Amino acid sequence: MTTVSVIGAGYVGLVTGACLAELGHQVVGIECDRSRLAMLCSGELPIHEPGLDELFAKHRAFGRLCFTDDYAAAIPASSFAFIAVNTPARLDGRADTSFVLAAVRTVLEYARPGLTLVTKSTVPAGTGDEIERLVELSGVPGVEVTANPEFLREGSAIADFLQPDRIVVGAEGAAAGTRVAQLFAGVQAPVLHCSRRTAELAKYASNALLATRISFMNEIEAICARAGAEVEDIARIVGADRRIGPAFLSAGLGWGGSCFPKDVRALIATAADHGEEGAILHAVLRVNRRQREAAFERLREAVSCRDGATVGVLGLAFKPGTDDIREAPALDVIGRLIEDGIRVRAHDPIAMPNAQRSLPHIGYFEDPYEVADGCDALLLATEWPEYLDLDWRTMRRRMRGAVIVDGRHALDVERLTALGFTCLSVGGRRRSAQRQPALRR
Ligand code: UDX
Ligand code: UDX
């Protein structure tokens, strides 16, 4: 049984630690935030991630997963140290690797010879070289520096870790790469070995390409809104091509979360640092930002003539299955509505506590039907399954207006149109009732 330390107990670190324990390793999570650490040590999870609670409880009970803030106790006993601390975007878009480098420095104070450092956090190409310089300065012999980027989607992170499409291992020496790959021996997936810099950059390329597909479909949606075509049907047609595939072709409010926005901006900065324009990346960011503005315009148009105009927002998390509101489209649109003096009533199945900390001055309701009361228009911002099954006749009766901006093209247009709703896409097209629901990603 290999002993592994995982530094950082956030979305990435907790999933990594629990899944490494599931693979049979002895895991110590190192977390600097005292309140978060206290929760973890008392058996409570600070985040919502489907399936994590079971793994967390199981391996804590087996004594295979524990948490501390004491590097001196954890690191000397570890053969591997995974760095999973946050790499937030700086104002200039570059990734802030200060938390990563600080964590490495502390690890090196207690590292035994032969420790393998594994950077799980998303870091710019070349960060591994900076870490290697810290290793040299530390004088600890035999410490290897490797990169093992994560491809975890919030809401499906456990499956993405244990049944990945591939495992990427970036190392400058074959032995180190093999040692890291062996940690994943129980996982049925190809291991792609490459250089450290390649692994670091591949993570950004992967996220940026996924974001590009979405922004591309939002560009197509804007054209559809004027050309009289159905973007969902175009997604179905384009996605049927095996070379393209159906995933990540859903137009709407666009992408949020702690990764795509941060990683596209960081890749733009990397391009600029190497004298590259990053033309496509700039456009991908611009189109994504425009979607939020367009949704706000649709809603403002819908309520403009009303005194005490009120908009209902269904969904606050950046996507279903998570309580994470980081860079969530809903929050941007709500911010614009408030600036315009429009009242907002909101619901989300699990993200309201997080949203209330960022947006305390709007109405939050545990019951989505209460969101409809007196509203002149509704925005579906997150396609939680429970919204698709609402009694929309009741919603219509409780509303003052009849406009729905379906930010995720997820609602049954035929049913809603028959109830007297006007269903708009973010681009402003009245969604027609005759087509089939689009392929969901
Ligand atoms: C983040 C990014 O979202 C992801 O793209 C990147 O790959 C890793 O960093 P995430 O887990 O979402 O992943 O970050 P976050 O939820 O902010 O958790 C980071 C955790 O590390 C926090 O609990 C923080 O307290 C902890 N931390 C940070 C430490 O324990 N020590 C530190 O020095 C810094
Ligand atoms: C993403 C990557 O998928 C994952 O591989 C990486 O490790 C971290 O970043 P995540 O941000 O958790 O994962 O969620 P994801 O499912 O990728 O969705 C990102 C955003 O894109 C969400 O706001 C979602 O609503 C949006 N999206 C996704 C679309 O707008 N259209 C789509 O077709 C798919």
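First things first, this report covers the structure right here in the doc. Computed from a predicted model, the values in this text were never measured in an experiment.

### Re helix H11 (residues 260-273)
- Spanning 14 residues, H11 covers 20 Å between terminal C-alpha atoms, matching the ideal 20 Å at 1.5 Å per step.
- Counting buried positions along H11 gives eleven out of 14 residues, so the element sits mostly inside the fold.
- The complete set of buried residues in H11 reads Phe260, Pro261, Lys262, Asp263, Val264, Ala266, Leu267, Ile268, Ala269, Thr270 and Ala271.
- Summarising the contacts, the buried residues of H11 are in contact with helix H9 (196-227) and helix H12 (279-303).
- Just past H11, the residue Gly275 takes up positive phi, approximately 75 degrees.

### Some thoughts on the site of ligand 1
- Around ligand 1, 21 residues are found, and the nearest of them are Tyr11, Val12, Glu31, Thr122 and Lys262.
- One nitrogen or oxygen atom from the main chain of Val12 is found 2.8 Å from an oxygen atom belonging to ligand 1.
- Within the contact set of ligand 1, an oxygen atom lies 3.0 Å away from a side-chain nitrogen or oxygen of Ser258.
- Isolated, ligand 1 exposes 680 Å² of accessible area, and the fraction of that covered by the protein chains is 88%.
- Classifying every residue of the shell around ligand 1 gives eight nonpolar, seven polar and six charged.

### A closer look at the environment of Arg393
- Along the chain, Arg393 falls in helix H17 (residues 392-398).
- Note on Arg393: relative accessible area 59%, which makes it exposed.
- Note: C-alpha distance between Arg393 and Arg415 (22 residues apart in sequence) is 9.4 Å.

### A closer look at the sheet that holds strand E10 (residues 343-347)
- An order of E11-E10-E9-E12-E13-E14 is seen for the six strands of this open sheet, with the pairing classed as parallel. Of all strands in the sheet, those bounded by a partner on one side alone are strand E11 (363-364) and strand E14 (422-424).
- Its contacts with the sheet place H12 against strand E9 (310-314), strand E12 (377-380), strand E13 (403-406) and E14, and it is angled at close to 165 degrees to E12.
- Relative to E9, helix H13 (residues 329-339) is tilted by about 170 degrees, and along the sheet it contacts E9, E10 and E12.

### Concerning the pattern of salt bridges
- Summed over all chains, the structure comprises 25 salt bridges.
- For Lys58, the salt bridge is made with Glu22, and the minimal N-O distance between the two is 2.9 Å. Of the two residues, Lys58 sits in helix H3 (residues 52-61) while Glu22 sits in helix H1 (residues 11-22), which places them 36 residues apart along the sequence.
- A residue is classified by how much of its surface remains accessible, and Glu22, at 30% relative accessible area, is partly exposed.
- Asp263 serves as the salt-bridge partner of Lys262, at 2.6 Å between the closest nitrogen and oxygen.

### Observations concerning the layout of surface pockets
- One number sums up the size of the second largest pocket: a volume of about 250 Å³.
- Residue lining of the second largest pocket: 17 residues in total, with Pro124, Ala125, Glu130, Thr270 and Asp273 positioned closest to the centre.
- Broken down by secondary-structure element, the contributors of at least two residues to the lining of the second largest pocket are helix H6 (127-138) and H11.

### With respect to the nonpolar core
- Counting residues in each nonpolar core, the largest one holds 56 residues, and the members touching the most others are Val313, Leu314, Leu316 and Trp392.
- Excluding anything up to four places from it in sequence, Leu316 contacts Ile325, Ala328, Ala330, Leu331, Ile334, Ala346, His347, Asp348, Met352, Ala355, Tyr364 and Thr382.
- Judged by nonpolar contacts, the second largest core, of 36 residues, contains Val4, Ala9, Ala84 and Val118.

### Some thoughts on a positive patch on the surface
- A surface patch of like charges, here positive, comprises Arg226, Arg286, Arg289 and Arg290.
- Top element by residues in the positive patch is H12. It accounts for three residues.
- Looking at where Arg226 falls in the secondary structure, it is placed in helix H9.

### Describing the side chain of Asp263
- As for its position among the elements, Asp263 is in helix H11.
- Among residues more than four places away in sequence, those in contact with Asp263 are Thr122, Lys203, Tyr204 and Asn207.

### Details of the packing of helix H5 (residues 98-110) against H6
- Put simply, H5 and H6 touch, their axes get as near as 10 Å, and they point 25 degrees apart. In this view, H5 runs roughly parallel relative to H6, as classed from their interaxial angle. Handedness of the H5/H6 crossing: right-handed. Mapping the contact onto sequence places Val100, Leu101, Val104, Arg105 and Leu108 in H5 and Glu130, Ile131, Leu134, Val135 and Ser138 in H6.
- Among the residues making up the contact of H5 with H6, the classes are represented as seven nonpolar, one polar and two charged.

### Looking at the packing of aromatic side chains
- For the coordinates displayed, the defined rule picks out five aromatic pairs.
- Judged by centre distance (6.4 Å) and plane angle (55 degrees), the rings of Phe248 and Phe260 are tilted. Residue Phe248 is located in the loop between helix H10 (231-239) and H11, and its partner Phe260 is located in helix H11; the two are separated by twelve residues in the primary sequence.
- For Phe248, a relative accessible area of 18% translates into the label buried.
- Ring centres of Trp255 and Phe260 lie 6.2 Å apart, and the angle between their planes is 80 degrees; on these two criteria the pair is classed as edge-to-face. The pair formed by Trp255 and Phe260 is uniform in burial state, with each residue classed as buried.
- Feature note: the residues Phe248, Trp255 and Phe260 constitute an aromatic cluster, connected by ring pairs.
- Just above the ring of Phe151 sits the side chain of Arg166; from NZ or CZ to the centre is 3.7 Å.
- A cation sits over an aromatic face here: Arg336 above Phe296, 4.3 Å from the ring centre.

What counts, and where the lines are drawn
Residues numbered from 1 in each chain as written. Chains lettered and ligands numbered in written order. Predicted model: local features only at pLDDT ≥ 70, side-chain atom pairs only at ≥ 80, totals over all residues. Heavy atoms only, no water. Helix = DSSP H or I, 4+ residues; strand = E, 2+ residues; numbered from the N terminus. Expected span 1.5 Å × (residues − 1). Buried < 20%, exposed > 50% of the residue type's maximum accessible area, 1.4 Å probe, protein only. Contact = heavy atoms within 4.5 Å. Near = heavy atom within 4 Å. Polar contact = N/O pair within 3.5 Å; in protein donor to acceptor, adjacent residues only side chain to side chain. Areas by Shrake-Rupley, 256 points an atom, 1.4 Å probe, with all protein chains shown as cover. Nonpolar A, V, L, I, M, F, W, Y, C, P; charged D, E, K, R; others polar. Pairing = 2+ DSSP bridges. Axes fitted to C-alpha atoms, helices over the stretch in contact; angles between N-to-C directions. Salt bridge = Lys/Arg side-chain N within 4 Å of Asp/Glu carboxyl O. 1 Å grid on protein atoms, 1.4 Å probe; cavity = no way out; pocket = protein on both sides within 12 Å on 5 of 7 lines; lining within 4 Å. Points joined across faces, edges and corners; volume = space filled by probe spheres on them. Core = buried A, V, L, I, M, F, W, Y, C linked by side-chain atoms within 4.5 Å. Patch = residues over 30% accessible without salt bridge, like charges linked within 9 Å, V, L, I, M, F, W, Y side chains within 5 Å. Lys, Arg positive; Asp, Glu negative; His and termini not counted. Charge placed at Lys NZ, Arg CZ, Asp CG, Glu CD. Parallel < 35°, antiparallel > 145°, perpendicular 65-115°, else oblique. Left-handed = near helix turned anticlockwise from the far one by under 90°. Phe/Tyr/Trp six-rings, centres within 6.5 Å; stacked < 30°, edge-to-face > 60°. Lys NZ or Arg CZ within 6 Å of the ring centre and 35° of its normal.

Read these as geometric descriptors, not functional statements.
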